[in-house]
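# Structure at a glance
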Amino acid sequence: MIDHQWFTTALVLALTLARAASFAAGAGNSLQLWYDKPAARWVEALAIGNGKISAMVFGGVGQERLQLNEGTLWAGGPYDPVNPEAREALPEARQLVNEGKYREAAKLIGAKIMAKPLRQMPYQTVGDLRLAFAGSTNAENYRRTLDLDTAMATVTYTADGVRHQREVFASALDNVIVLRLTADPPGKLAFTASMRTPMAATVETEGKDTLVMRGMGGTAQGIKGQIRYQARVKLLPEGGEMKAEGGAVTVTNATAVTLLITAATSYKRFDDVSGDPEALVKATLDAAAKKSLAQLRAAHLADYQPRFRRVTLDLGQSEAMKLPTDERIRRFGQGNDPHLAALYYQFGRYLLLSCSRPGGQPATLQGLWNESMTPPWDSKYTININTEMNYWPAEPGNLAECVEPLLAMVEELTITGGRTAQKMYGARGWVVHHNTDIWRASAPIDGPQWGMWPCGGAWLCLHLWDRYEYSGDTTLLRRIYPVLKGASEFFLDTLQETPDKKWLVTNPSLSPENGHPFGTSICAGPTMDMQILRDLFANTIKAAALLGVDADFRQKLAATRARLAPNQIGSAGQLQEWLEDWDLKAPERRHRHVSHLYGLYPGRDIHRRDTPELAAAVKKSLELRGDKATGWATAWRICLWTHLGDGDHAYQILQHLLSPDLTYPNMFDAHPPFQIDGNFGGAAGIAEMLMQSRMGTVQEALNPAPVPEIELLPALPKAWPTGRVTGLRARGGFEVDVTWRDGRLLETTVRSLNGGKARLLYGTAAREITLPRGETYRWNGQ
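Here is a short report on the structure shown in this document. (Residues numbered from 1 in each chain as written. Predicted model: local features only at pLDDT ≥ 70, side-chain atom pairs only at ≥ 80, totals over all residues. Heavy atoms only, no water.)

## Regarding the sheet that holds strand β5 (residues 127-133)
- Pairing is antiparallel in the open sheet, where 7 strands are placed in the order β2-β3-β4-β5-β10-β15-β14. Each having just a single partner strand, β2 (46-49) and β14 (241-245) make up the two edges of the open sheet. Mean inter-strand twist for the sheet, computed between neighbouring axes without regard to direction, equals 20°.
- Relative to strand β10 (residues 189-196), β5 runs antiparallel, the two being bridged by 6 bridges. Within β10, the residue paired with leucine 129 across the bridge is methionine 195. (Pairing = 2+ DSSP bridges. Helix = DSSP H or I, 4+ residues; strand = E, 2+ residues; numbered from the N terminus. Axes fitted to C-alpha atoms, helices over the stretch in contact; angles between N-to-C directions.)

## Let's talk about the environment of valine 155
- As for its position among the elements, valine 155 is in strand β7 (residues 152-159).
- Valine 155 sits 120 residues away from tyrosine 35 along the chain, and the two C-alpha atoms are 9.5 Å apart.

## Thoughts on the pairing of β10
- As judged from the 4 bridges shared by β10 and strand β15 (residues 248-254), these two strands associate in the antiparallel manner. If you follow leucine 189 over to β15, its bridge partner there is alanine 254.

## Remarks on the pairing of strand β27 (residues 756-762)
- Two strands pair when backbone bridges link them, and strand β23 (residues 708-712) and β27 are joined in this way by 3 bridges, in the parallel orientation. Bridge assignment links isoleucine 710 to a residue of β27, and that residue is leucine 760.
- In terms of strand pairing, β27 meets strand β28 (residues 765-771) through 7 bridges, oriented antiparallel. Across the sheet, the residue bridging to alanine 758 is isoleucine 769, located in β28.
- In this structure, the hairpin formed by β27 and β28 is closed by a connection of 2 residues, where glycine 763 is found at a positive phi of approximately 60°.

## Digging into the side chain of threonine 72
- As for its position among the elements, threonine 72 is in the loop between β4 (63-70) and α2 (86-98).
- Classification of threonine 72 as buried rests on a relative accessible area of 12%.
- Within the local environment of threonine 72, its side chain forms a polar contact with the side chain of glutamate 70, the two groups lying 2.6 Å apart.
- Leave out the neighbours within four places in its chain, and threonine 72 touches Ile227, Thr265, Tyr267, Gln361 and Ile438. (Buried < 20%, exposed > 50% of the residue type's maximum accessible area, 1.4 Å probe, protein only. Polar contact = N/O pair within 3.5 Å; in protein donor to acceptor, adjacent residues only side chain to side chain. Contact = heavy atoms within 4.5 Å.)

## Re helix α13 (residues 527-547)
- If you check α13, its first and last C-alpha atoms are 30 Å apart, about what 21 residues at 1.5 Å a residue would give, namely 30 Å.
- Of all 21 residues in α13, 18 are buried, a share of seventy percent or more. (Expected span 1.5 Å × (residues − 1).)

## Concerning the packing of aromatic side chains
- Evaluated as defined, the whole model comprises 25 aromatic pairs.
- Ring geometry for tryptophan 42 and phenylalanine 668: centres 5.8 Å apart, planes at 45°, overall tilted. Of the two residues, tryptophan 42 is situated in the loop between β1 (32-35) and β2 and phenylalanine 668 in the loop between α17 (647-657) and α18 (677-690); the sequence distance between them amounts to 626 residues.
- The interplanar angle of 75° and the centroid separation of 6.3 Å between the aromatic rings of tyrosine 304 and tyrosine 350 together place this pair among those described as edge-to-face. You can see tyrosine 304 sitting in helix α5 (residues 293-308) and its partner tyrosine 350 sitting in helix α7 (residues 338-355), a full 46 residues away along the chain. Judged on exposure class, the residue tyrosine 304 and its partner tyrosine 350 are both buried.
- An aromatic cluster is present here, built from Trp392, Trp459, Tyr598, Tyr601 and Trp636 joined pairwise through their rings.
- Cation over ring: arginine 143 sits above tryptophan 34, and NZ or CZ is 4.1 Å from the ring centre. (Phe/Tyr/Trp six-rings, centres within 6.5 Å; stacked < 30°, edge-to-face > 60°. Lys NZ or Arg CZ within 6 Å of the ring centre and 35° of its normal.)

Have a look at this one:
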């Protein structure tokens, strides 16, 4: 083992940890969100989930509300929205764009090319479990917490001399939500349990201990609801009496009650709704009911904690930790609460583990949590930034398994997107536009201004390639290569030549979701498209080379890639958003989207060292666009500034993100309203301040086996002078710990999971290393 010991480092680290432990003993659990009152609004409730089912826990005194979701409960059923007139209309639309008749092109697209129906299906809610408690609603010593380390929500208070405690967790192994109620002194627990929902559903009791809700997903946009669902709640009392009456179960004189909650639907795949939800929930509850509470809790922790604990982050602690979380959010902009940024980062990892697990659906616009039949933007998958942003913290945050639902969705999109490519474009391969839903709809929706963008699937392919770059798994590479190839084939068949410079570009397309000076967003070859396609083609070429296949196809892709329209710098020194220098004339100078900056992050086109002129143009574009935007757009700006190496500027934007304007009391991101992508983008930005990795330089884009580069503290803000992070993942199969003091690297530990080379960077210092699999290297940056 290569192991350089630094006595001073070890001593300082030991003292730091001792001080942290001492402070934590006084400040309470450093991984808890906590509040001194119940939730009055949904965005104050605490989120739990296991990747399939979820709950929002309100923590009321007189009445508890658990708002429930199941990840496959959506409106509608299998459908094909491709407009039958689209293929015939496309040549005319392209010609209108080439002639600069953008409004006319948009009008034609709206009439003959957009999907039918024009909107997709919404994610929906199961409904609520309600517990109405007997006795006083006046509570003393109230405390409501969400412990990220245990993934458990708790509520404690005293009323009428009785101490009440509730514990709620969502077990992934047993697929149940467990709600444990206790009262002290014994025999003082009394409540009535019932269920309600805005859905088309019925609620009844089965025996004296079980609530059963049976319902149907809604009809939307003329697509009949076809998903049947069932939710069950089984009550297991300790002492007391229990009776069922009028669709409710009443418990009296109990000492404790454990409620087991689960839900399932008839959804099996995007084209199959033949499942039996009743059989599923009965089997799930029967199995869970045979286990003790201790067994259920132990299984939950054994599954969850090893994953969550892969990464630790200490940015420093302060007296602010003693305040309720909502108060800390209100004060974060005042400074002196570095721990809240660490808590926010870990909350992002917690949310991802809670809403995106193998076997479940990918995280929607609201993760796994939604209380409405018609949520904002349908709580579906917006793939012109939002779905991708959901997964930005996954790989560096050591939660690779959370990407599996996204990978599975992309594989399904090759089927529906292949149908769209053929019927709409007459092309090979597959395509998805700016949105999809559980039915994997892939045609352009909403209207020309937003939907006529063919690069959603191409962007999703970057996450498949990331999965390979971080893992080095050749079995995975063989799995994803057909997906990459199909996405590339589509663009080989559909790219158009510009009339003047003979570049190859997308046409029609748009720069999401920004209008240009000519009354629409419709255009040809926006900068973002070209950046995404350079990544897609490069990654497809490298995958084929690594697998030793498709040599002729690789050559064609490389030749096509060389003809894509290049990045251009405009008259103000900005990176142009379009082929023409329209940026300063665009109607929304401070538009929330910064689509043309994809090439810096998360793309591979631009880097501050490799392409300094383009990086400077990105900086100018950011200055023109402004720091403040919606939640997710603010998070993207944080990530971009970190990749420009400006941690202090990124931190200033983080202060805005972690303010009541953009963060709700329960720490959910506010677009507003709630969108979970801001949580994930903000978490990614914090990690990118501390460590960044890439596979080779911009100039090595087509090298199938470059040396991974791991940069330490690339954008450390002055607000975090001393700290430590452990367990971050870097590309190339490495795991990285970093300790710093007074703004300088103290020590980094790099563990090789696969064996191989890496290049470590810290400031102007560099170190080339070669590690066998399982070996460790320590470096102090000198």
